[in-house]
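A look at the structure
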Amino acid sequence: MKIFAYTENYASKTVTFITNELKHIDEQHELILCYSNRINPELYQRKKMKLIPFRYNKIINKFRWWLEQLQLHFTLKNKSFSIELNNVLSEFKPDLIHCHFGTDFLKIASNLKGANKLIPVLVSFYGFDVTEKFMNKAILKKYRTLLNNQKVYSIAVADSLTHKVNSLAFPKNKTITLHSGIDTNFYKRTGDNRSKNDFLFLQVSSFYPKKGHHLMLEAFKEFLNQDNRYNYKMILAGFGPLEESIALQIKKLGLEKQVSMQSAVSPSEMIEICCRVNAFVHMSETADNGDQEGLPNVLLEVMALELPILSTLHAGIPNMIVQGVNGILCEEKNKSEYIKGFKEIVNWPLCPHNRQRVIEHFSFSTHIQKLENLYQSIINSRASIINA
């Protein structure tokens, strides 16, 4: 099978769920991966890769931006991008176009020409491309137009996203849920290096509003004032636009001795650090602009590493974590519940059953088999229409 894949930005270290998927497709099928911006060029190389720039001149781009902000009109038609995109498609002749993120789908679907409009398109929704973008009336209108096409199919990583797409964008082919998955053979505990005197919390995530760092730190401060059973410490690992403000808050709250920050960790470092900590914290919340999580893969990773989890009833998180079984889920933005959650999660031991849940429901092998089946089903449907 021949697959044309597109993602605007390829590839941040935070989107290993996409790079792992593309790696498999590249090994099993004929893949051409196109992108408009290359991140970490030394990583995630595929056999066939093509840069297709997506640029407007400054005047047009400013005009477009204002229309979008005023929710009056939204367009991603781009002459130079369209020419190069359609040239690649006409030469490669894929059986299927797969767009990673709804925002990438808007670019591709808006610029297809001629016979390339007949190629079936699959779009993967991951989070902000629904929760944030659907709040803009002009963008939602564009989604409705482009998804109202018998040749367009869509999947979302969480039930909450699937519901939003189906209830707000009215796709011709109903969006279905396809959970992402992780390599459970890789994410496996290599020992137990926890301290007997310290209780160590960990959060690994990008530093964005929806990750909930600020309120979590306020709750952690109050928890420390109320509970002295252990010498509590916390590690925050990641990178992003809120890094400086989080560091300032740690200082303002007087938590410099209890909370340390470090850069993003590699998958191997993730395993090592999880063997040293007692519990994982991920207090996701809906950002002011509507941005939400999809299905945070990091939670699957730490579940596979048998850690108990303190998190929130947010987006796709309850799809992974059964309340009181795999961890504790708090109402998002409820500081008193966060404090109570900190007190309760301290009593939890390691959770081998968390790993078993991931193996049974969220393994990469299960995900990729379902994706392969979906690819084949879409291609078979196209063949049936052509031969009818």
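Residues numbered from 1 in each chain as written. Predicted model: local features only at pLDDT ≥ 70, side-chain atom pairs only at ≥ 80, totals over all residues. Heavy atoms only, no water.

Focus: unusual backbone geometry
With an omega of 0°, the peptide bond between Y10 and A11 qualifies as cis. The phi dihedral of Y44 falls on the positive side, at around 55°, and the residue is not glycine. By secondary structure assignment, the location of Y44 is in the loop between β4 (37-38) and β5 (49-51). Judged by relative accessible area, which is 24%, Y44 ranks as partly exposed. The phi angle at A315 is positive, at roughly 50°, despite the residue not being glycine. Within the secondary structure, A315 sits in the loop between β14 (309-312) and α12 (317-320). (Helix = DSSP H or I, 4+ residues; strand = E, 2+ residues; numbered from the N terminus. Buried < 20%, exposed > 50% of the residue type's maximum accessible area, 1.4 Å probe, protein only.)

A closer look at the nonpolar core
Residues F4, F105 and F280 are the most contacted members of the largest nonpolar core, which totals 96 residues. Listed in part, the 31 residues of the second largest apolar core include I246, I328, I339 and F342. (Core = buried A, V, L, I, M, F, W, Y, C linked by side-chain atoms within 4.5 Å.)

Examining the sheet that holds strand β10 (residues 198-204)
Read from one edge of the open sheet, six strands run β12-β11-β10-β13-β14-β15, paired in parallel fashion. The strands lining the two open edges of the sheet, one partner per strand, are β12 (259-262) and β15 (327-330). Taking the axes of each pair of neighbouring strands and ignoring which way they run, one obtains an average angle of 20° across the sheet. In this sheet, β14 lies alongside strand β13 (residues 279-282) in parallel orientation, the contact comprising three bridges. Residue pairing across strands places H282 opposite S311, the latter belonging to β14. Where helix α10 (residues 267-274) meets the sheet, it contacts β10, β11 (231-237), β12 and β13, and its direction lies at approximately 155° from that of β10. (Pairing = 2+ DSSP bridges. Axes fitted to C-alpha atoms, helices over the stretch in contact; angles between N-to-C directions. Contact = heavy atoms within 4.5 Å.)

Notes on the packing of helix α4 (residues 102-110) against helix α6 (residues 137-147)
When two helices pack together, you describe them by how their axes are tilted relative to each other and by the distance separating the axes. Viewed as axis vectors pointing N to C, α4 and α6 meet at an angle of 60°, and their least axial separation amounts to 11 Å. With respect to their mutual orientation, α4 and α6 come out oblique. The two elements α4 and α6 cross, and the hand of that crossing is left-handed. Taking contact as the criterion, the partners of G102, T103, F105, L106, A109 and S110 in α4 are, on α6, I139, K142, Y143, L146 and L147. Across the contact of α4 with α6, the residue classes tally to seven nonpolar, three polar and one charged. (Parallel < 35°, antiparallel > 145°, perpendicular 65-115°, else oblique. Left-handed = near helix turned anticlockwise from the far one by under 90°. Nonpolar A, V, L, I, M, F, W, Y, C, P; charged D, E, K, R; others polar.)

Here we look at the packing of aromatic side chains
Counted under the stated rule, the structure contains 23 aromatic pairs. For the cation-ring pair, K2 lies above F92, with the distance from its terminal atom to the ring centre recorded as 4.7 Å. Positioned above the aromatic ring of F54 is the side chain of K107, whose terminal nitrogen or guanidinium carbon lies 5.3 Å from the ring centre. (Phe/Tyr/Trp six-rings, centres within 6.5 Å; stacked < 30°, edge-to-face > 60°. Lys NZ or Arg CZ within 6 Å of the ring centre and 35° of its normal.)

Quick word on the sheet that holds strand β1 (residues 2-6)
With parallel pairing, the seven strands of this open sheet are ordered in space as β5-β3-β1-β6-β7-β8-β9. Two strands bound the open sheet, and with one partner strand each, they are β5 and β9 (176-177). Sheet topology note: the strand β6 (residues 96-100)/strand β7 (residues 121-125) ladder contains four bridges and is parallel. Residue pairing across strands places H100 opposite S124, the latter belonging to β7. Here helix α3 (residues 79-92) sits on the sheet and contacts β1, β3 (30-35), β5 and β6; the angle it forms with β1, its principal contact strand, is near 165°.

The values reported here are purely geometric and, on their own, carry no functional implication.
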